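Observations on chain architecture
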Amino acid sequence: MKIIVDADACPVKEIILKTAEKYNIPVVMVTDTSHIMDLPCEVITVDKGRDSADIAIANLAKKGDIAVTQDYGLACMLMAKGSHTVNQNGFLYTDKNIDQLLMRRHISAKQRRGGKRSGHINARTAEDDRRFEECLVSLIQSLI
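Residues numbered from 1 in each chain as written. Predicted model: local features only at pLDDT ≥ 70, side-chain atom pairs only at ≥ 80, totals over all residues. Heavy atoms only, no water.

**Quick notes on the pairing of strand β2 (residues 27-32)**
Taken across its 6 residues, β2 has 6 buried, putting it largely inside the fold. Taking every second residue as pointing to the same face, both faces of β2 are buried, with Val-27, Met-29 and Thr-31 on one and Val-28, Val-30 and Asp-32 on the other. Taken together, strand β1 (residues 3-6), helix α1 (residues 13-23) and β2 constitute a β-α-β crossover, and its handedness is right-handed. (Buried < 20%, exposed > 50% of the residue type's maximum accessible area, 1.4 Å probe, protein only. Helix = DSSP H or I, 4+ residues; strand = E, 2+ residues; numbered from the N terminus. Right-handed = clockwise from strand over helix to strand, strands pointing away.)

**Some words on unusual backbone geometry**
Here Asn-24, not a glycine, exhibits a phi torsion of approximately 55°, which is positive. When you line up the elements, Asn-24 lands in the loop between α1 and β2.

**Some thoughts on the packing of α1 against helix α5 (residues 126-143)**
Contact pair α1 / α5: the axes reach a minimum separation of 10 Å and the direction vectors enclose 30°. By the criterion of interaxial angle, the relationship of α1 to α5 is roughly parallel. Handedness of the crossing formed by α1 with α5: right-handed. Here Ile-15, Ile-16, Lys-18, Thr-19 and Tyr-23 of α1 lie close against α5, whose contacting residues are Asp-129, Phe-132, Glu-133, Leu-136, Val-137, Ile-140 and Gln-141. Looking at side-chain class alone, the contact of α1 with α5 contains 7 nonpolar, 2 polar and 3 charged residues. (Axes fitted to C-alpha atoms, helices over the stretch in contact; angles between N-to-C directions. Parallel < 35°, antiparallel > 145°, perpendicular 65-115°, else oblique. Left-handed = near helix turned anticlockwise from the far one by under 90°. Contact = heavy atoms within 4.5 Å. Nonpolar A, V, L, I, M, F, W, Y, C, P; charged D, E, K, R; others polar.)

**Considering a nonpolar patch on the surface**
Nonpolar side chains collect at one region of the surface, where Met-1, Leu-143 and Ile-144 lie side by side and expose about 280 Å² of accessible area between them. Topologically, Ile-144 is positioned in the segment after α5. Given a relative accessible area of 65%, Ile-144 falls into the exposed group. (Patch = residues over 30% accessible without salt bridge, like charges linked within 9 Å, V, L, I, M, F, W, Y side chains within 5 Å. Areas by Shrake-Rupley, 256 points an atom, 1.4 Å probe, with all protein chains shown as cover. Salt bridge = Lys/Arg side-chain N within 4 Å of Asp/Glu carboxyl O.)

Such coordinate-based values are descriptive only and should not be taken to indicate function.
Have a look at this one:
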């Protein structure tokens, strides 16, 4: 088991590294060339092309791995491979929620193409970080 992180815009990298160290789980951060990461884990840098990091993550993930991403489409692909997939906001992607999340993404994209502006995104809070850490720890504990 390893933790694979869609690291380009991931705000919880430090929490992941701290938790992985506690449970002795290797971490792989995947990023594109627009980001430079000097972290105490394996970092895979891919071309800046559209979805290049997602493709690398999907190819890297194996059954039983843990993946952290905010990308619902990538999460769906990883779930199909048997990976346990966690959102940075502290919830697991499951068979019960992925269809609704993908539909919401589709509707939002359709509205944006029609000229509708997205709503305000709230700033990340300590509560968001706490919720993510609890979710990750709970998942790891259920797997070991």
